[in-house]
Amino acid sequence: MAKVAEIERELEDLERILSDPSSPARPDFPELSRRYGQLRLIVEKGKELRRILQDIVEEEQLLREGGDEELERALRQELERDRERAEKVAQELRRLLVPPHPDAHKNAIVEIRAGAGGEEAALFAADLFRMYLKYAEKKGFNARVLDSHPTDLGGFKEIVFAVEGPGAYGLFRYESGVHRVQRVPETEASGRIHTSTATVAVLPEAEEAEVEIRPEDLRIETFRSSGPGGQHMQKNETAVRIIHIPTGIVVACQEERSQHRNKELALRVLRAKLRELEEKKREEELREKRRRQIGTGERSEKIRTYNFPQNRVTDHRIDLTVYRLEDVLEGALDLLVEPLLAEEAARMLSES
């Protein structure tokens, strides 16, 4: 609790700064406001833990003093509940005390690509997409499709979408990597279990000020957007493809009816990819440290297996298995994300 007391003092200092009428004009005002919100959560959780611990002390004292049997039974039940609450709140507090990822507050750009497995892999990519949409809805985020390449059977060769809302990247970043499915495909007549994969990449959306894109470095092409098998063909060339000449990165968007809007959305993806490129260059020196952390970014890393016959999902990074596959696919991703958050918090606290 000493750390919480230190944070309480920092929070008081921030309150004084932010209460100044001139503070919104400060260049660091957004960062100070974000920091204030983080510290306030820690202080509130610390106060809640203090109240519970005080209740436990009082209940233990009453038990030592003795009384009638019915009262003692009620006290023991209340004490047990408070001890469980104290452990839960302490765990939440430990997690809040870990410095958040610097991009955790940002929107997320998510790319899902069908991997090994042909049409079944494309159908699995569509399952992942629906799972993420439901998870985003549960968390109060907005999801916007930026580009998609559907197949005739309802799968996706590739789909790119943005998850918009404070903290979106902080939760979705754990989804980066190779996802594997084991099930009997709809296209399999003999009933044999197949293994297919899909690759997920999650990038923090870069702000315009973070990445400089020179117009002369871009080659912009337009084309007619279409659905699976050439359906829904539009007469006007509203779809946009952007090639970043220095890096060779190609992005496209065909989801909007306006060419101008598709260009804006494609540039959002390009900024995120260019920022990721810069981050990777900077992180070359920190590879060893990164290897010690939970995998949250290597596209070649197999992170999760979805086994339909056994109704189980296994996250290989923390050796966690839950037998609630249907719930997970319906958006109950917290069953996996919460343990990942707790594991990362524990590691970071032990290192510090």
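Residues numbered from 1 in each chain as written. Predicted model: local features only at pLDDT ≥ 70, side-chain atom pairs only at ≥ 80, totals over all residues. Heavy atoms only, no water.

Undergrad: Would you mind showing me how to read the overall build of the chain here?
TA: For the chain, the count of helices and strands is 9 helices and 11 strands. In terms of principal-axis extent, the alpha carbons of the chain reach across some 85 × 65 × 40 Å. Scored against the burial criterion, the 352 residues of the chain give a buried share of 42%. In the chain, the share of contacts with a sequence separation of at least 24, taken over all contacts with a separation of at least 6, comes to 62%. Carbon and sulfur atoms provide 48% of the accessible area of the chain, an area that totals close to 19,600 Å². (Helix = DSSP H or I, 4+ residues; strand = E, 2+ residues; numbered from the N terminus. Buried < 20%, exposed > 50% of the residue type's maximum accessible area, 1.4 Å probe, protein only. Contact = heavy atoms within 4.5 Å. Areas by Shrake-Rupley, 256 points an atom, 1.4 Å probe, with all protein chains shown as cover.)

Undergrad: Looking at this structure, how should I read helix H4 (residues 119-138)?
TA: Every α-helical turn comprises 3.6 residues, leaving residues that sit three or four positions apart pointing alike. Taking 1.5 Å per residue, 20 residues should reach 28 Å; H4 reaches 29 Å between its end C-alpha atoms and fits that length. When you tally the buried positions in H4, you get 14 out of 20 residues, the bulk of the element. Among the residues trailing H4, Gly140 stands out with phi positive, at a value near 80°. (Expected span 1.5 Å × (residues − 1).)

Undergrad: Would you explain unusual backbone geometry in this entry?
TA: Most peptide bonds take the trans configuration, and most residues that are not glycine carry a negative phi. Even without being glycine, Asn311 reaches a positive phi, approximately 55°. Residue placement: Asn311 occurs in the loop between strand E9 (302-307) and strand E10 (312-315). In this model, Asp319 sits at a positive phi of 55°, which is unusual for a non-glycine residue.

Undergrad: What is the right way to look at the confidence of the model for the chain in this model?
TA: Reading fine detail from the predicted coordinates is not recommended where pLDDT is low. A residue-level look at the chain finds 91% of positions with pLDDT of 70 or above and a mean pLDDT of 87. Here residues 289-294 is modelled with pLDDT under 50, and outside its nearest four sequence neighbours on either side it reaches 13 contacts, counting other chains as well. (pLDDT = per-residue confidence, 0-100.)

Undergrad: How do you make sense of the sheet that holds strand E6 (residues 218-223) when you look at a structure like this?
TA: Within a sheet, neighbouring strands are paired by backbone hydrogen bonds and run either parallel or antiparallel to one another. The strand order E6-E7-E8 describes an open sheet built from 3 strands, whose pairing is antiparallel. The sheet is open, and its two borders are formed by E6 and strand E8 (249-253), each paired with just one other strand. Ignoring strand direction, the axes of neighbouring strands in this sheet form an average angle of 15°. Where strand E7 (residues 239-244) lies against E8, 5 bridges are found, and the strand directions are antiparallel. Bridging from a neighbouring strand, Val240 pairs with Cys253 of E8. Set on the sheet, helix H6 (residues 259-283) makes contact with E6, E7 and E8; between it and E8 the angle comes to about 150°. (Pairing = 2+ DSSP bridges. Axes fitted to C-alpha atoms, helices over the stretch in contact; angles between N-to-C directions.)

Undergrad: Help me out: how do you make sense of the side chain of Asn307 in this one?
TA: Checked against the element boundaries, Asn307 lands in strand E9. Note on Asn307: relative accessible area 6%, which makes it buried. In terms of polar contacts, Asn307 uses its side chain to reach the side chain of Gln182, at 2.7 Å. In this structure Asn307 touches Gln182, Arg312 and Leu325, once residues within four positions along its chain are discounted. (Polar contact = N/O pair within 3.5 Å; in protein donor to acceptor, adjacent residues only side chain to side chain.)

Undergrad: Honestly, the nonpolar core in this entry has me stumped. Any pointers?
TA: The nonpolar side chains of soluble globular proteins are, as a tendency, buried together. One finds Val110, Ile112, Leu128, Tyr132, Val163, Phe172 and Tyr306 to be the most contacted residues of the largest nonpolar core, which totals 38 residues. Every element with two or more residues in this core is listed here: strand E1 (108-114), H4, strand E3 (156-164), helix H5 (168-172), strand E5 (194-204), helix H8 (325-329) and helix H9 (334-351). Considering every element that reaches this core, the biggest residue donor is H4, with 9 residues. With sequence-adjacent residues up to four places away left out, Tyr132 is seen in contact with Ile112, Phe161, Phe172, Glu175, His179, Val200 and Leu333. Leu146, Val211, Ile242 and Leu265 belong to the second largest nonpolar core, which has 20 residues in total. (Core = buried A, V, L, I, M, F, W, Y, C linked by side-chain atoms within 4.5 Å.)

Undergrad: It is not clear to me how the packing of helix H2 (residues 29-65) against helix H3 (residues 69-97) should be interpreted in this structure. Could you clarify?
TA: When two helices pack together, their arrangement is captured by the angle between the axes and the distance separating the axes. H3 packs onto H2 with a crossing angle of 155° between their chain directions and a minimal axis gap of 9 Å. Taken as axis vectors, H2 and H3 run roughly antiparallel relative to one another. Where H2 crosses over H3, the two elements pack in a sense that is left-handed. Among the residues making up the contact of H2 with H3, the classes are represented as 16 nonpolar, 1 polar and 12 charged. (Parallel < 35°, antiparallel > 145°, perpendicular 65-115°, else oblique. Left-handed = near helix turned anticlockwise from the far one by under 90°. Nonpolar A, V, L, I, M, F, W, Y, C, P; charged D, E, K, R; others polar.)

Undergrad: How do you make sense of the environment of Gly140 when you look at a structure like this?
TA: Take Gly140: it is sitting in the loop between H4 and strand E2 (142-150). Put simply, Gly140 and Phe161 are 21 residues apart on the chain and 16 Å apart in space, counted from C-alpha to C-alpha.

Undergrad: How should the pattern of salt bridges be read in this particular structure?
TA: Any two side chains of opposite charge can pair, given that their charged atoms come close. Counting across every chain of the model gives 41 salt bridges. Arg81 is paired through a salt bridge with Glu78; the nearest N and O atoms lie 2.6 Å apart. Taken together, the positions of Arg81 and Glu78, both in helix H3 and 3 residues apart, correspond to about one turn of that helix. Among the residues examined, Arg81 registers a relative accessible area of 44% and is labelled partly exposed. Given a relative accessible area of 30%, Glu78 falls into the partly exposed group. Linking Arg113 and Glu111 is a salt bridge whose minimum nitrogen-to-oxygen distance equals 3.3 Å. (Salt bridge = Lys/Arg side-chain N within 4 Å of Asp/Glu carboxyl O.)

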